[in-house]
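Residues per chain are reported as follows:
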Amino acid sequence: LIERLNSDDDSPFKEIIKTQTRNDGVISAGPLVTALSGSITNGALYEFRDPKTGDGDIEKMLIVLKKYWSAVKETFPLAWGLPSRKSRLMHGTGIRSMSFMMDEILASVENIELVTEELFIEELSRIAPHCKWTNGTWKFSNGETRKWNDIQNMSKDRDLVTRFLVREYHKSVK
């Protein structure tokens, strides 16, 4: 899945994931693998698993992933493709929290095979004003504020950002 995301011409990740064979990327493969594994095990991509074998339909997963991450790229163009020291979107915390957002968005979609990039863009626009990927200060629901580059790739920060984005998303949907 990672290799295809990193090599397919229509992938927003084309040539930007750091792997053993490509070390000039800006996204570490580890957080992306963890995020994808979570979605395949417990999230939206679980739908594409064969219940008998546990194997996944990689092609169907890729279609959804490319649409979603293309929408992320479109929604946050100034934060996309930068090294993690310049963009927390491309950082482990950003990748994992935005992957969780994909599952959150798709939870209310009846047939995820029919979802469009435009739907993802529309849904991501709900949280975009709250995201401080490259500058500014995060203003979390608990009253805590953090400068954009004070967000670290640690479970405490990943949970903080993810919970905040999910909360803001659900507030905007009501």
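This one's a predicted model, so the numbers in the text were calculated from it and none came from an experiment. (Residues numbered from 1 in each chain as written. Predicted model: local features only at pLDDT ≥ 70, side-chain atom pairs only at ≥ 80, totals over all residues. Heavy atoms only, no water.)

Quick word on helix α6 (residues 155-173)
Here is step 1: Its 19 residues give α6 an end-to-end C-alpha distance of 27 Å, which sits within 8% of 27 Å, the value for a rise of 1.5 Å per residue.
Here is step 2: Looking at α6, one finds that the buried residues are D157, R158, L160, V161, T162, F164, L165, V166, E168 and Y169.
Here is step 3: On the buried face of α6, the contacting elements are α4 (92-106), α5 (117-124), β3 (137-139) and β4 (145-147). (Helix = DSSP H or I, 4+ residues; strand = E, 2+ residues; numbered from the N terminus. Expected span 1.5 Å × (residues − 1). Buried < 20%, exposed > 50% of the residue type's maximum accessible area, 1.4 Å probe, protein only. Contact = heavy atoms within 4.5 Å.)

Observations concerning the nonpolar core
Here is step 1: Formed by 49 residues in total, the largest nonpolar core has its most connected members in Y68, M98, W133, W138 and L165.
Here is step 2: Among the elements of the structure, α1 (2-7), α2 (29-42), α3 (58-75), α4, α5 and α6 are those that each provide at least two residues to this core.
Here is step 3: Broken down by element, the residue count for this core peaks at eight residues, all from α3.
Here is step 4: In contact with W138, other than residues within four places in its own chain, are H130, C131, K132, W133, E144, T145, R146, W148, I151, V161, F164 and L165. (Core = buried A, V, L, I, M, F, W, Y, C linked by side-chain atoms within 4.5 Å.)

So, the pattern of salt bridges
Here is step 1: In total, this model carries 13 salt bridges according to the counting rule given.
Here is step 2: Across the pair D9 and K14 runs a salt bridge, and its minimum N-O distance is 3.2 Å.
Here is step 3: What makes D9 exposed here is its relative accessible area of 67%.
Here is step 4: Between E113 and K60 there is a salt bridge whose closest N-O contact spans 3.7 Å. Pair noted here: E113 is in the loop between α4 and α5 and K60 is in helix α3, with a separation of 53 residues, a long-range link.
Here is step 5: The class for E113 is partly exposed, based on a relative accessible area of 38%.
Here is step 6: One network of salt bridges, with partners in common, ties together R4, D8, D10, E59 and K66. (Salt bridge = Lys/Arg side-chain N within 4 Å of Asp/Glu carboxyl O.)

Nothing here speaks to function; it is geometry throughout.
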